[in-house]
Amino acid sequence: MPLLSLDDLHVALGGRTVLESIDLRLDRGEIVTLVGPNGSGKSTLLRTIIGAVQPARGRLVRQPGLTIGYVPQRLAIDATLPMTVTRFLNLPRRHPKQALRQALEQAGVPGLSRQQVTDLSGGQFQRILLARALLEQPDLLLLDEATQGLDHRGTADFYRQIESVRRELGCAVLMVSHELHMVMRASDRVVCLNRHVCCQGTPERVVSSPAYRELFGADTADTLALYRHHHDHSHHDATANTPAPSAAGASHPEATP
Amino acid sequence: MLDDFMVRATLAGLGVALAAAPLGCFVVWRRMAYFGDATAHAAILGVALSLLLSTSIFAGVLVVSLLMATLVSLLSGRGYAMDTLLGVMAHSALAFGLVAVSFLSGVRIDLMAYLFGDILAVGKDDLAIIGAGALLVVSLAGWRWSALLTATLDGDLARASGIDPKREQLVLTLSLAVVVAVALKVVGALLIAALLIIPAAAARPFCRTPEAMAWLAAGFGAASTSGGLQAAFWLDTPTGPTIVCLAAILFALSSLAGQLRRRRSRAEPSAEATPRA
């Protein structure tokens, strides 16, 4: 039995269809990355998996007793709430001191345990969030652009840690990321999402697939082009749009982040 | 011992302060100060209804507060901003309550007692109800503490750990309704929210963990109610407002201390800023 399987899943937010016909399987030990333009439903998919959003149609089957570790895109902690790093790591379940120390060391932020969470830098907090998720010994780790706010070194460390976590815990990892070059190296499978699953498979296969090229620009070696999304293919009826000039991909660098 | 009205009043005040402390912290953390107000104002409608139907005041207030809490929970996130919704409901409930009271011809009721409380008139029955309510709320808060705290941090974070944030919010709002019903006799409908918020806010500058803040809020609350009671006795002032005044003074002193401490830690780079191994 897979850890998680989505079967013809449709999700609507405020009456608008955000995800349609999603089929996805996750097995133990897999690292799967979701890529896709802004508004393509990546975060919504993760939120559906944790149960924060109810699907409008379709089936979502979690393995019984599945433990999920979740690292959100951002988390704003109200300044009126006093919270040390240690206390935060112990929510909602307490962990032994030794495990806490080890988790902080693994996350590359030893010695922060007595700090107030609100005093941490963005990158430090991101690492704490990951450490907290790992303390639960999850079967499935969900990361929503978890490397936001990390520097280059931090990002590399982060992916290395994910890799070793997968080896040690044997958990599956499903992550959303914009760092396509990093993603390609770190993932077993890439799922290209744009409200529906455009294509999925090994990184090499996805990169060379026409759907991926259409979504991220023809020249996939050009990382600038990777971020661009051409709204030139319609998923509902083929006659709706006329394709935009395909050369537009790399020639408007001002529009890339 | 319970025959002395001052002893009964002190115990009632302590009970309410203890129950209000953990909930007050959540009210502050979740920025739902208005919620306490709304539920408390609805209490006046409860008073009017129970006088009209000649049922016990406590039961009437509890039912109306629970209804109000459930209604607000259900309506939140459906088109109106929370503060608008609460503003509408709080003041409508208060207005309807005041109008309903005016229909009660023949019975001269002391409205002031319900608006500002009448802690010196707490009887043994009242004390039993306050004790039971406080015990219920404190044990509920203790039992759900971790889940409530996680849901307060972030709904999705809670979901991922198998905690339903909606359910936790309902637990919180229902507990608030119980505190309101219990506290009506002590500080009155207009000042219940003060007893929730002010001790928690006063505790904030001295605390590094949520638990510490809840305990200190309980301490400040207890000091305000018992101290306010004595002060009102000696100064011959209304008790409920005197209690809240004392809490406000504690808050002012605590924020002053907090400011001073922050300035000092900025002047000399504290040991906390450097990571310790």
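Bear in mind that the values here come from a model prediction, so they are computed numbers and not experimental data.

Here is what the cut-offs are and how they apply
Residues numbered from 1 in each chain as written. Chains lettered and ligands numbered in written order. Predicted model: local features only at pLDDT ≥ 70, side-chain atom pairs only at ≥ 80, totals over all residues. Heavy atoms only, no water. Helix = DSSP H or I, 4+ residues; strand = E, 2+ residues; numbered from the N terminus. Buried < 20%, exposed > 50% of the residue type's maximum accessible area, 1.4 Å probe, protein only. Contact = heavy atoms within 4.5 Å. UniProt positions renumbered as here; feature names shortened; annotations may be inferred. Phe/Tyr/Trp six-rings, centres within 6.5 Å; stacked < 30°, edge-to-face > 60°. Salt bridge = Lys/Arg side-chain N within 4 Å of Asp/Glu carboxyl O. Pairing = 2+ DSSP bridges. Axes fitted to C-alpha atoms, helices over the stretch in contact; angles between N-to-C directions. Core = buried A, V, L, I, M, F, W, Y, C linked by side-chain atoms within 4.5 Å. Polar contact = N/O pair within 3.5 Å; in protein donor to acceptor, adjacent residues only side chain to side chain.

## Examining the overall build of chain B
Part 1: Scanning chain B from terminus to terminus reveals eleven helices and zero strands.
Part 2: The helix and strand sequence of chain B, counted from the amino end, reads α-α-α-α-α-α-α-α-α-α-α.
Part 3: Residue burial in chain B is summarised as follows: out of 277 residues, 49% are buried.
Part 4: Long-range pairs, those at least 24 residues apart, make up 75% of the contacts in chain B with a sequence separation of at least 6.

## Some words on the UniProt feature "transmembrane region" (unreviewed entry) in chain B
All names here are of chain B.
Part 1: UniProt records the feature "transmembrane region" (unreviewed entry) at residues 6–29, 41–68, 88–107, 127–145, 174–202, 214–235 and 241–260, using the numbering of this structure.
Part 2: In residues 6–29, the share of helix is 100% and the share of strand is 0%. The end C-alpha atoms are 34 Å apart.
Part 3: In this annotation, residues 127–145 is assigned 100% helix and 0% strand; the end-to-end C-alpha distance for the span is 26 Å.

## Some words on the packing of aromatic side chains
Residue and element names in this part refer to chain B.
Part 1: One pass over the full model with this rule turns up six aromatic pairs over all chains.
Part 2: Seen from their ring centres, Trp29 and Trp145 are 6.3 Å apart, and the 70° between their planes marks the pair as edge-to-face. Residue Trp29 is located in helix α1 (residues 5–29), and its partner Trp145 is located in helix α6 (residues 124–153); the two are separated by 116 residues in the primary sequence.
Part 3: What makes Trp145 buried here is its relative accessible area of 12%.
Part 4: Here the aromatic cluster, defined as three or more aromatic residues joined through ring pairs, consists of Phe26, Trp29 and Trp145.

## Notes on the pattern of salt bridges
Part 1: Enumeration over the complete set of coordinates arrives at 16 salt bridges over all chains.
Part 2: A network of salt bridges, in which partner residues are shared, links Glu163(A), Arg166(A) and Asp188(A).

## Focus: unusual backbone geometry
Residues and elements named next belong to chain A.
Part 1: Note the cis peptide between Leu91 and Pro92, where omega equals -5°.
Part 2: Along the polypeptide, Pro92 turns up in the loop between α2 (85–89) and α3 (97–106).
Part 3: For Arg195, which is not a glycine, the phi torsion comes out positive at approximately 70°.
Part 4: Mapped onto the fold, Arg195 is located in the loop between β8 (189–194) and β9 (196–201).
Part 5: Judged by relative accessible area, which is 27%, Arg195 ranks as partly exposed.

## Examining the environment of Ser5(A)
Residues and elements named next belong to chain A.
Part 1: Position of Ser5 relative to the elements: it lies in strand β1 (residues 4–13).
Part 2: Of the residues examined, Ser5 reaches a relative accessible area of 19% and is grouped as buried.
Part 3: Residues Ser5 and Arg59, spaced 54 residues apart in sequence, show a C-alpha to C-alpha distance of 8.0 Å.

## Side note on the side chain of His41(B)
Part 1: Mapped onto the elements, His41(B) comes out in helix α2 (residues 33–52).
Part 2: According to the relative accessible area criterion, His41(B) is buried, its value standing at 9%.

## Section: the sheet that holds strand β2 (residues 16–26) of chain A
Adjacent strands of a sheet pair through backbone hydrogen bonds, lying either parallel or antiparallel.
Residues and elements named next belong to chain A.
Part 1: Judged by pairing direction, the sheet is antiparallel, and its three strands sit side by side in the order β2-β1-β4 without closing on themselves. Pairing within the sheet leaves two strands with one partner each, and these edge strands are β2 and β4 (57–62). Shown here is a sheet whose adjacent strand axes are inclined to one another by a mean of 25°, direction ignored.
Part 2: One ladder, built from five bridges, connects β1 with β4; its direction is antiparallel. Its bridge partner lying in β4, Leu6 is registered against Leu60.
Part 3: In the packing of helix α1 (residues 42–50) onto the sheet, contacts are made with β1, β2 and β4, and the angle to β1 comes to roughly 115°.

## Focus: the sheet that holds strand β7 (residues 172–176) of chain A
Residue and element names in this part refer to chain A.
Part 1: With mixed pairing, the six strands of this open sheet are ordered in space as β5-β6-β7-β3-β8-β9. The sheet terminates laterally at β5 (68–71) and β9, the two strands that pair on one side only. Sheet twist, expressed as the average angle between the axes of neighbouring strands with direction ignored, equals 15°.
Part 2: Note that β8 and β9 share five bridges and pair antiparallel. Counterpart to Asn194 in the pairing with β9 is His196.
Part 3: Its contacts with the sheet put helix α4 (residues 122–135) on β5 and β6 (140–144), and the angle it makes with β5 is roughly 175°.

## Digging into the nonpolar core
Part 1: With 155 residues, the main nonpolar core has Phe88(A), Ile128(A), Leu140(A) and Leu143(A) as its most contacted residues.
Part 2: Top contributing element to this core by residue count: α1(B), with 13 residues.

## A short note on the interface of chain A and chain B
Part 1: Contact with chain A, which involves 29 residues of that partner, is made by 26 residues of chain B.
Part 2: On inspection of chain A and its partner chain B, the count reaches three salt bridges.
Part 3: Between chain A and chain B we count eleven residue pairs in polar contact (both at pLDDT 80 or more) in total.
Part 4: Only α1, β5 and α2 of chain A provide two or more residues apiece to the side of chain A that touches chain B.

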